[in-house]
Amino acid sequence: MRVTYHRELKIKTLLDNLGVDNFLPMRWEVVETKKGGKKRILLPAIHNLIFVKSTQEFLTTLKTTREEFSPMRYMMKRPLSNGKGKGEIIHVPDRQMENFMRVASVQDDRVLFLDSNDYINKIGQRVKVIDGYFAGVEGVIKRINKNKRVVVQLEGLAAVAIAFVPASQLSII
């Protein structure tokens with residue numbers, strides 16, 4: 001779901017308090033303090049986006065009956081380019097979400113969050129990581145900054161790349 005005005009941390013806390021299953025990818029960033037120093041803080045990796053596992057009926061009720069959830073918006077698929085069809089709410093398949101969460105939950109330099117629009121049209125070989133920390137993750141080999149990386153992408157939403165996986169730990173799907 002889209003969350004307006006960078007309120008994704010607030011919405012995550014509210015959903016957690018209700019016991020609603022959700023995922024907010026986070027990463028460490030160094031920011032300047034008001035006194036001119038620097039500190040490292042944990043921030044959302046993809047602003048204005050939170051993944052929620054629930055029914056549409058429950059979420060609609062939540063959004064319409066509790067004002068604190070009003071910043072949440074459904075993310076819609078775009079209609080076909082020929083103008084036919086209408087937008088529908090984006091649903092991410094469980095297996096795809098599990099792969100993404102497995103990689104995106106790492107909060108260090110082993111992963112790189114990408115603007116998915118840059119990688120949508122790039123064709124790559126589907127692979128599965130068979131050994132190491134990311135064993136079981138499925139993705140696509142894509143060239144990023146002159147390096148081959150395993151990219152796990154949620155089409156039209158987000159993409160995350162594993163910084164380095166030796167070829168010996170990959171199996172072609």
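Our subject is the structure listed above.
These notes cover the structure that comes with them.

What counts and what doesn't
- Residues numbered from 1 in each chain as written.
- Predicted model: local features only at pLDDT ≥ 70, side-chain atom pairs only at ≥ 80, totals over all residues.
- Heavy atoms only, no water.
- Core = buried A, V, L, I, M, F, W, Y, C linked by side-chain atoms within 4.5 Å.
- Buried < 20%, exposed > 50% of the residue type's maximum accessible area, 1.4 Å probe, protein only.
- Helix = DSSP H or I, 4+ residues; strand = E, 2+ residues; numbered from the N terminus.
- Contact = heavy atoms within 4.5 Å.
- Pairing = 2+ DSSP bridges.
- Axes fitted to C-alpha atoms, helices over the stretch in contact; angles between N-to-C directions.
- Salt bridge = Lys/Arg side-chain N within 4 Å of Asp/Glu carboxyl O.

Details of the nonpolar core
And step 1. Counting residues in hydrophobic clusters, the biggest one holds 26 residues, and the most contacted among them are Phe-51, Phe-100, Val-103, Phe-134 and Val-160.
And step 2. Every element with two or more residues in this core is listed here: helix 3 (94-104), strand 7 (111-114), strand 8 (126-129), strand 10 (147-154) and strand 11 (158-162).
And step 3. In terms of residues, this core owes the most to one element, helix 3, which gives 4 residues.
And step 4. Aside from chain neighbours lying at most four places away, what touches Phe-100 is Phe-23, Pro-25, Ile-46, Phe-51, Val-152, Leu-154, Ala-158, Ala-159 and Val-160.
And step 5. Counting 13 residues, the second-largest nonpolar core is a separate cluster that includes Leu-14, Val-20, Leu-24 and Met-26.

Notes on the sheet that holds strand 11
And step 1. Taken together, the 6 strands give an open sheet; going across it, the order is 7-11-10-9-8-12, and neighbouring strands pair in antiparallel fashion. Two strands bound the open sheet, and with one partner strand each, they are strand 7 and strand 12 (170-172). Here the strands of the sheet are splayed against their neighbours by 40° on average, with no regard to which way each runs.
And step 2. Here strand 7 pairs with strand 11 via 4 bridges, running antiparallel. Bridge pairing in strand 11 links Leu-114 to Ala-159.

Quick notes on the pairing of strand 8
And step 1. Burial along strand 8 is one-sided: Val-127 and Val-129 are buried, while Arg-126 and Lys-128, pointing the other way, are not.
And step 2. Pairing of strand 8 with strand 9 (residues 138-144), which is carried by 3 bridges, proceeds in the antiparallel orientation. Within strand 9, the residue paired with Lys-128 across the bridge is Glu-138.
And step 3. Bridge count for strand 8 against strand 12 is 3 bridges, and the pairing is antiparallel. Paired with Val-127 across the bridge in strand 12 is Ile-172.

Quick notes on the environment of Asp-131
And step 1. Topologically, Asp-131 is positioned in the loop between strand 8 and strand 9.
And step 2. Each C-alpha atom, one on Asp-131 and one on Ile-50, is 29 Å from the other, the two residues being 81 residues apart in sequence.

Re the pattern of salt bridges
And step 1. Within the structure shown, the criterion is met by 9 salt bridges.
And step 2. A salt bridge links Glu-29 to Arg-27, with the shortest nitrogen-to-oxygen separation between them at 3.1 Å.
And step 3. Given the relative accessible area of 24%, Glu-29 is considered partly exposed.
And step 4. With relative accessibility at 30%, the residue Arg-27 sits in the partly exposed group.
And step 5. Notably, a salt bridge pairs Lys-53 with Asp-94, separated by 3.9 Å at the nearest N-O pair.

These figures come from the coordinates and say nothing about function on their own.
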